[in-house]
Each structure stands twice: as C-alpha cells, then as structure tokens.
Amino acid sequence: MGNAATPFGLKAMEDLSRLNGGSRRASAAMCTFLALNAAGLTLLPTTVLGLRLAFGSAAPASFLPAMVLTGLTGTIVALL
C-alpha cells in the first residue's frame, strides 16, 4: 500500500495518543507501532521485480529469500 497507508498510520497514532492520556511522551504501544511501520515487512516487492524484469535480469526473483529474511528479522527485532 505504500504511501496510501500513511493516513491510516496517522489516525492510529492519534488514537494511541488519546489512549495515552494526551501525554507528550510516546507510550510503549506507540513505539512498537512506529518500529513495526519502519521495519516494513514486504511480502511481494512488485516494483523491484518489475524493474529487474524490465532491465533484463536473468533471475529477477533471486533476491526474494534475502529480502524476506531481512524483513522478518526487522519485524522480529521491532516486536522485541
């Protein structure tokens, strides 16, 4: 969803702020939400696949295992 998710993310952060009592300090839930958002687990990177196909890559999907591993690692670290 890319940038289309931004309004939903802002709304979620506003709701989390309201649940936090309007404090100017971020709650644990807000920090977790931000970390998960920054980790950005992508299940199927169609843009990268399309670019690799367009430029004639012999194996356009060869990066997928490394990308999934790094995305999962980032998401797990964000949750911890």
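Residues numbered from 1 in each chain as written. Predicted model: local features only at pLDDT ≥ 70, side-chain atom pairs only at ≥ 80, totals over all residues. Heavy atoms only, no water.

**Focus: the overall build of the protein chain**
Cut-off, in case you're wondering: Numbering goes from the N terminus for both helices and strands, where a helix is a DSSP run of H or I of at least four residues and a strand is a run of E of at least two. Between the two quantities, the radius of gyration covers C-alpha atoms and the globule rule is 2.2 Å times the number of residues to the power 0.38. Think of it in three bands: residues with accessible area under 20% of the maximum for their type are buried, residues over 50% are exposed, and the middle band is partly exposed, with areas taken using a 1.4 Å probe on protein chains only. What makes two residues a contact is simply this: any of their non-hydrogen atoms within 4.5 Å. Per-residue and other accessible areas follow the Shrake-Rupley method at a 1.4 Å probe size, with only the shown protein chains counted as cover for residues.
For the protein chain, the helix and strand inventory stands at four helices and zero strands. When its helices and strands are written in sequence order, the protein chain yields α-α-α-α. Scaling as 2.2 N^0.38, a compact globule of 80 residues should have a C-alpha radius of gyration of about 12 Å, whereas the protein chain reaches 17 Å, well beyond that. The buried share among the 80 residues of the protein chain stands at 14%. At a minimum sequence separation of 6, the contacts of the protein chain that also span at least 24 residues come to 35%. Only carbon and sulfur atoms are counted for the fraction: they give 69% of the accessible area of the protein chain, which is about 6100 Å².

**Topic: the packing of helix H2 (residues 28-39) against helix H4 (residues 64-79)**
As a reminder, the rule being used: Every axis in this analysis is a line fitted to C-alpha atoms, fitted for helices over the stretch in contact. Angles between the N-to-C directions lie between 0 and 180 degrees. For classification purposes, an angle smaller than 35 degrees is called roughly parallel, one larger than 145 roughly antiparallel, one from 65 to 115 roughly perpendicular, and anything else oblique. Charged residues are taken to be Asp, Glu, Lys and Arg, nonpolar residues to be Ala, Val, Leu, Ile, Met, Phe, Trp, Tyr, Cys and Pro, and polar residues to be all remaining types, Gly included.
Running from N to C, H2 and H4 point in directions that differ by 175°, and their axes come no closer than 9 Å. Between H2 and H4, the angle falls in the class roughly antiparallel. Residues Thr32, Ala35, Leu36 and Ala39 of H2 lie in contact with H4, whose contacting residues are Gly74, Thr75, Ala78 and Leu79. Classifying every residue of the contact of H2 with H4 gives five nonpolar, three polar and no charged.

**Thoughts on the confidence of the model for the protein chain**
Applicable threshold: Scored from 0 to 100, pLDDT reflects the predictor's confidence in each residue.
Of the residues in the protein chain, 94% have a pLDDT of 70 or more, and the chain-wide mean is 85. Of all the helices and strands in the protein chain, H2 carries the lowest mean pLDDT, 85, while helix H3 (residues 46-54) carries the highest, 90.

**Examining a nonpolar patch on the surface**
Worth spelling out the cut-off: Every patch collects residues that have over 30% relative accessible area and no salt bridge, joining them within 9 Å if they carry like charges and within 5 Å if they are nonpolar side chains (Val, Leu, Ile, Met, Phe, Trp, Tyr). Should a side-chain nitrogen of Lys or Arg be within 4 Å of a carboxyl oxygen of Asp or Glu, the pair is scored as a salt bridge.
A cluster of nonpolar side chains, contributed by Leu41, Leu43, Leu44, Val68, Leu72, Ile76 and Leu80, occupies part of the molecular surface with about 730 Å² of accessible area. According to the relative accessible area criterion, Val68 is partly exposed, its value standing at 33%.

**Details of the pattern of salt bridges**
Evaluation of the coordinates by the stated rule reveals two salt bridges. When the shortest N-O distance is used, the salt bridge between Lys11 and Asp15 registers 3.2 Å. Here Lys11 and its partner Asp15 are both found in helix H1 (residues 6-19), four residues apart, which amounts to about one turn of the helix. Overall, Asp15 belongs to the partly exposed group, its relative accessible area being 24%. In this structure, Asp15 and Arg18 form a salt bridge, with 3.0 Å as the shortest nitrogen-oxygen distance. With Asp15 and Arg18 both in helix H1 and three residues apart, the pair spans about one turn of that helix. Members of the salt-bridge network, linked through shared partners, are Lys11, Asp15 and Arg18.

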